Amino acid sequence: MTDKLIIFDTTLRDGEQSPGASMTKEEKVRIAKALERMRVDVIEAGFPIASIGDFEAVQAVAAAVKDSRICGLARALDADIDRAGEALKPANASRIHTFIATSPIHMKMKLRMEPEQVIENAVKAVKRARQYTDDVEFSPEDAGRSDPQFLCRVLEAVIDAGASTLNIPDTVGYNLPHQFGDLIKMLRNTIPNADKAIFSVHCHNDLGLAVANSLSAVINGARQVECTINGLGERAGNAALEEVVMAVRTRQDVFPCDTNIDTTQIVTASRLVSGITGFAVQPNKAIVGVNAFAHESGIHQDGVLKSRETYEIMRAEDVGWHTNRMVLGKHSGRNAFRTRLQELGIELESEAELNAAFTRFKELADKKHEVFDEDLQALISDTIDVENERIRLVSLKVCSETGETPVASVTLAFDDDEVHIEMSGSGPVDAVYKAIESMVQSHTELQLYSVNNITSGTDAQGEVNVRLEKCGRIVSGQGADTDIVIASAKAYINALNKMLLPAERAHPQV
């Protein structure tokens with residue numbers, strides 16, 4: 001019988017730690033619902049003690065998701081564990097994931113603890129977490145650089161204390177696949193009570209080996225993989241969920257296990273996460289890149305036409321590229337609009353939100369002939385991302401003429417006050433941004449400006465992503481419109497609104 005490989009998604013926690021990838025509570029819930037539709041086993045919703053916003057987001061995800069287990073991260077501290085337990089109360093099924101560092105460098109330089117103190121704290125944390133849930137996961141941070149014998153002692157002790165999942169993180173992406181696989185095998189064979197817990201892995205991609213290390217661990221007995229959509233995560237990222245799942249599914253001749261993932265939801269989830277975070281997916285990205293199933297070579301095209309298996313080891317349809325899309329237009333009614341949103345897993349909280357979204361849909365449908373699923377996702381992001389809007393775009397006019405300096409006339413609303421200004425620039429977008437900055441006086445630095453088409457065709461919406469930095473803090477903003485200049489203004493204002501929100505939060509590392 002094939003074993004089950006548990007998929008633990010940490011897009012909402014570790015993925016959010018990518019600079020500029022912070023998500024609102026509403027955005028986290030949207031992504032969590034997409035993960036639930038994909039049949040992800042465990043969703044790590046956040047780090048509840050990091051901030052009030054993180055706590056409320058974990059609580060909201062716990063209340064919204066019914067089929068996946070919801071997990072909260074906590075350091076091996078009483079306050080962290082109590083906060084996680086409180087945030088997870090609404091969940092149908094919950095898990096507390098607690099961790100403490102075990103490598104010599106971390107124990108000495110960061111924790112200032114002796115090894116025996118680390119074991120004592122680990123055991124105490126697991127026992128406290130068990131007061132809130134019978135599903136407790138323990139991680140020895142920086143396990144990849146820890147002394148193997150000490151690692152065995154810690155893990156044996158936390159199993160006895162009640163941990164049912166042992167997660168072995170390659171925190172800094174240091175390990176090579178054969179080393180990491182051997183480590184998992186050694187732990188499973190050496191720890192006396194290893195059979196009482198599921199072994200998990202959490203690999204970082206600093207050397208581009210996160211997926212390879214994860215798969216090596218699975219071959220050597222790990223039965224849970226911690227991963228993220230698009231490989232999003234701290235520094236170079238985490239193991240990409242889509243790559244782990246499809247490698248195991250495609251190579252059943254090698255892997256003695258499989259996941260419960262509905263792979264047809266992968267592309268939809270990828271696009272949703274990319275749109276919300278502003279982190280574009282590279283065209284040649286495995287599984288979800290736009291070129292993943294494209295063939296330009298004449299030899300390849302000829303082979304695929306004769307038999308798909310000549311150059312394709314999996315079907316594009318199996319990961320969601322065919323997408324069962326209903327195309328909407330200006331004659332589509334509220335019922336068709338509402339039904340398609342429900343099919344996409346988008347649930348608006350009130351009739352007022354639905355009315356606002358439908359009004360924007362009609363405006364968009366007047367501008368372009370066909371409205372696709374990708375357009376709807378972008379439209380909903382624009383509609384529901386207004387809760388914390390202190391700055392709003394009221395009007396925008398740009399004059400750009402050959403041989404003349406472009407001029408932008410912009411009106412913004414600050415809370416209830418309107419401000420208007422005209423500015424010139426080297427191009428229409430430059431003029432608009434100078435006008436906005438002259439009114440807002442944010443003193444931020446524009447680190448990234450990128451434009452992508454959401455769908456094909458000259459009437460397609462343009463999606464603009466910007467990244468702003470101020471005093472070491474980085475935020476991203478997104479905007480979409482059939483007019484690229486308006487989309488650019490929306491993205492810049494979206495980022496400025498995020499910059500105005502409080503940002504006092506902690507970032508853990510596992």
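Refer to the structure presented above.
Below, the structure is looked at part by part. (Residues numbered from 1 in each chain as written. Predicted model: local features only at pLDDT ≥ 70, side-chain atom pairs only at ≥ 80, totals over all residues. Heavy atoms only, no water.)

## Brief notes about the sheet that holds strand β11 (residues 391-399)
Consideration 1: Here 3 strands make up an open sheet; going across it, the order is β11-β12-β13 and the pairing antiparallel. Single-partner strands in this sheet number two, and they are β11 and β13 (417-424). Ignoring which end each strand starts from, the neighbouring axes of this sheet average 15 degrees apart.
Consideration 2: Where β11 meets strand β12 (residues 407-414), 8 bridges bridge the pair, whose relative direction is antiparallel. By the bridge assignment, S395 is partnered in β12 with T411.
Consideration 3: Each of β11, β12 and β13 is contacted by helix α15 (residues 428-440), which is oriented at about 35 degrees to β12, the strand it contacts most.
Consideration 4: Along the sheet face, helix α16 (residues 484-500) touches β11 and β12 and points at about 150 degrees away from the line of β11. (Pairing = 2+ DSSP bridges. Helix = DSSP H or I, 4+ residues; strand = E, 2+ residues; numbered from the N terminus. Axes fitted to C-alpha atoms, helices over the stretch in contact; angles between N-to-C directions. Contact = heavy atoms within 4.5 Å.)

## Digging into the packing of helix α5 (residues 115-129) against helix α6 (residues 148-161)
Consideration 1: One can describe the packing of α5 onto α6 by two numbers: an axis separation of 9 Å at closest approach and a directional angle of 25 degrees. By the criterion of interaxial angle, the relationship of α5 to α6 is roughly parallel. Read as a crossing pair, α5 and α6 show a hand that is right-handed. Residues P115, E116, V118, I119, A122, V123, V126 and K127 of α5 pack against F150, R153, V154, A157, V158 and A161 of α6.
Consideration 2: Taken together, the residues that form the contact of α5 with α6 break down as 11 nonpolar, no polar and 3 charged. (Parallel < 35°, antiparallel > 145°, perpendicular 65-115°, else oblique. Left-handed = near helix turned anticlockwise from the far one by under 90°. Nonpolar A, V, L, I, M, F, W, Y, C, P; charged D, E, K, R; others polar.)

## Digging into a nonpolar patch on the surface
Consideration 1: On the surface, a nonpolar cluster with roughly 290 Å² of combined accessible area is contributed by L446, Y449, V451 and I484.
Consideration 2: In terms of residue count, strand β14 (residues 445-453) provides more of the nonpolar patch than any other element does, 3 residues in total.
Consideration 3: By secondary structure assignment, the location of Y449 is in strand β14.
Consideration 4: Of the residues examined, Y449 reaches a relative accessible area of 32% and is grouped as partly exposed. (Patch = residues over 30% accessible without salt bridge, like charges linked within 9 Å, V, L, I, M, F, W, Y side chains within 5 Å. Areas by Shrake-Rupley, 256 points an atom, 1.4 Å probe, with all protein chains shown as cover. Salt bridge = Lys/Arg side-chain N within 4 Å of Asp/Glu carboxyl O. Buried < 20%, exposed > 50% of the residue type's maximum accessible area, 1.4 Å probe, protein only.)

## Points about the packing of aromatic side chains
Consideration 1: A full pass over the atoms with the stated rule returns 5 aromatic pairs.
Consideration 2: For the pair F358 and F361, a centre-to-centre distance of 5.9 Å together with 35 degrees between the ring planes defines the contact as tilted. Of this pair, F358 and F361 both sit in helix α13 (residues 351-367), 3 residues apart, which is roughly one turn of the helix. Of the two residues, F358 and F361, neither departs from the other in class, the shared state being buried.
Consideration 3: An aromatic cluster is defined as three or more aromatic residues linked by ring pairs; in this entry it consists of F337, F358 and F361.
Consideration 4: R83 extends its terminal NZ or CZ atom over the ring of F55, reaching a point 3.7 Å from the ring centre.
Consideration 5: If you follow R467 out to its NZ or CZ, it ends over the ring of F279, 4.5 Å from the centre. (Phe/Tyr/Trp six-rings, centres within 6.5 Å; stacked < 30°, edge-to-face > 60°. Lys NZ or Arg CZ within 6 Å of the ring centre and 35° of its normal.)

## Details of the nonpolar core
Consideration 1: Formed by 93 residues in total, the largest nonpolar core has its most connected members in M38, I70, F138, L155, I168 and L187.
Consideration 2: The element that contributes the greatest number of residues to this core is α6, accounting for 9 residues.
Consideration 3: Not counting residues within four places of it along the chain, the set of residues in contact with L155 comprises F138, P140, L166, I168, L187 and I191.
Consideration 4: With 25 residues, the next largest nonpolar core counts V410, V429, L468 and A495 among its residues. (Core = buried A, V, L, I, M, F, W, Y, C linked by side-chain atoms within 4.5 Å.)

## Structural notes on the pairing of β12
Consideration 1: Counting buried positions along β12 yields 6 of 8 residues, so the element is predominantly enclosed.
Consideration 2: Between the end of β12 and the start of β13, which pair antiparallel, lie 2 residues, with D415 showing a positive phi angle near 55 degrees.

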